[in-house]
Amino acid sequence: MIRRALPSDIPEVVEIENCSFKVPWPDFLFKSHLSNPGFLVYKQDHILGYAIVGSSDDKRKAHLQSIAVRTEYRRKGIASKLLEWSIDLVKLYGFHKMVLEVRELNMNARIFYLRNGFEVEGMVEDYYLDDNAILMGRNI
Ligand SMILES: CC(C)(COP(=O)(O)OP(=O)(O)OC[C@H]1O[C@@H](n2cnc3c(N)ncnc32)[C@H](O)[C@@H]1OP(=O)(O)O)[C@@H](O)C(=O)NCCC(=O)NCCS
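Calculation criteria
- Residues numbered from 1 in each chain as written.
- Predicted model: local features only at pLDDT ≥ 70, side-chain atom pairs only at ≥ 80, totals over all residues.
- Helix = DSSP H or I, 4+ residues; strand = E, 2+ residues; numbered from the N terminus.
- Rg over C-alpha atoms; globule rule 2.2 N^0.38 Å.
- Buried ≥ 20, exposed ≤ 12 C-beta atoms within 10 Å, placed from the backbone.
- Pairing = 2+ DSSP bridges.
- Axes fitted to C-alpha atoms, helices over the stretch in contact; angles between N-to-C directions.
- Near = placed C-beta within 6 Å.
- Nonpolar A, V, L, I, M, F, W, Y, C, P; charged D, E, K, R; others polar.
- Core = buried A, V, L, I, M, F, W, Y, C linked by C-beta atoms within 7 Å.
- Contact = placed C-beta atoms within 7 Å.
- Right-handed = clockwise from strand over helix to strand, strands pointing away.

### Concerning the overall build of the chain
Part 1 of the argument: Counting its regular elements, the chain contains four helices and seven strands.
Part 2 of the argument: In the chain, the succession of helices and strands from N to C terminus is β-α-α-β-β-β-α-β-α-β-β.
Part 3 of the argument: The globule rule puts the C-alpha radius of gyration for 140 residues at 14 Å, and the 14 Å found for the chain is close to it.
Part 4 of the argument: For the chain, the C-alpha atoms occupy an extent of roughly 40 × 35 × 30 Å along the three principal directions.
Part 5 of the argument: Put simply, the chain has 140 residues, and 26% of those count as buried.

So, in structure tokens, the structure goes:
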């Protein structure tokens, strides 16, 4: 099931985070998102994935801040479902577009987003300390 994240989910979310990213978010950052209704988890017996969506700096677009799935549960449609829920949620808040940044070197995620209807809208050199960012967007 997909539901809003609870404080008790944080240790498992951090576990997924640590296996998913070279520069993982620390637990206090996830804790700071607990007040955000766009912090979603996919739970069976355990937390298998999470997504965080908020608004862009100018508040005009929804912004997918992070999404990750436990390594051994990938390619089962879990991230697609989390994304679908995130999109349905932000539509309720009146957003008509979702944007995100993805590392240029993260080909798996770039393919995932393309398969889920996002298009490349730009690139920011050295957005990350060690990589460029590809900017993607999707009308929702
Ligand atoms: C990117 C990520 C979230 C995808 O999660 P997932 O649950 O495996 O994705 P889905 O099963 O919903 O994939 C949907 C489609 O996206 C594409 N896709 C997903 N992962 C892919 C991969 N590693 N290689 C190629 N295509 C991929 C496929 O077309 C897939 O459909 P298929 O399995 O029927 O071929 C997951 O690989 C992950 O957690 N990566 C590490 C964290 C990360 O990079 N997050 C994105 C940060 S911007």
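### Examining the sheet that holds strand 5 (residues 97-103)
Part 1 of the argument: One open sheet accounts for seven strands, arranged 1-2-3-4-5-7-6; its pairing is mixed. Edge positions in the open sheet fall to strand 1 (2-4) and strand 6 (119-128), since each of these has one partner strand only. Looking at each pair of strands side by side, their axes are set apart by 25 degrees on average, direction ignored.
Part 2 of the argument: Of the strand pairs in this sheet, strand 4 (residues 62-69) and strand 5 are connected by two bridges, and their pairing is parallel. Bridge assignment links H63 to a residue of strand 5, and that residue is V99.

### Focus: the site of the ligand
Part 1 of the argument: Of all residues adjacent to the ligand, which total 18 residues, the nearest are R74, A79, S80, N108 and A109.
Part 2 of the argument: Put simply, the parts of the chain that give the shell around the ligand at least two residues each are strand 4, helix 3 (78-92) and helix 4 (107-115).
Part 3 of the argument: In terms of residues, the shell around the ligand owes the most to one element, helix 4, which gives five residues.
Part 4 of the argument: Residues of the shell around the ligand, tallied by class, amount to nine nonpolar, five polar and four charged.

### Brief notes about the nonpolar core
Part 1 of the argument: Membership of the largest hydrophobic core comes to 33 residues, with the highest contact counts inside it found for V13, L40, V41, Y50, A51, I67 and L82.
Part 2 of the argument: Of all the secondary structure elements, the ones that give two or more residues to this core are helix 1 (10-20), strand 2 (39-43), strand 3 (47-55), strand 4, helix 3, strand 5 and strand 7 (131-139).
Part 3 of the argument: With six residues, strand 3 is the largest single contributor of residues to this core.
Part 4 of the argument: Setting aside chain neighbours within four positions, we find V41 in contact with R3, A5, D9, V13, I47 and Y50.

### Section: the pairing of strand 4
Part 1 of the argument: Bridge count between strand 3 and strand 4: seven bridges; the pairing is antiparallel. Residue pairing for strand 4: I52 is matched across the bridge by S66.
Part 2 of the argument: Linking two consecutive strands that pair antiparallel, namely strand 3 and strand 4, is a turn of six residues; a positive phi of about 65 degrees is found at K59 within it.
Part 3 of the argument: Of the crossover connections in this fold, the one passing from strand 4 over helix 3 to the parallel strand 5 is right-handed.

### A closer look at unusual backbone geometry
Part 1 of the argument: At K59, a residue that is not glycine, the phi angle is positive and equals roughly 65 degrees.
Part 2 of the argument: Within the secondary structure layout, K59 lies in the loop between strand 3 and strand 4.
Part 3 of the argument: A residue is classified by how many C-beta atoms lie within 10 Å of it, and K59, with 10 of them, is exposed.
Part 4 of the argument: Notably, R75 is not glycine yet its phi reads approximately 65 degrees, a positive angle.
Part 5 of the argument: One can find R75 in the loop between strand 4 and helix 3.
Part 6 of the argument: Note on R75: 9 C-beta atoms within 10 Å, which makes it exposed.

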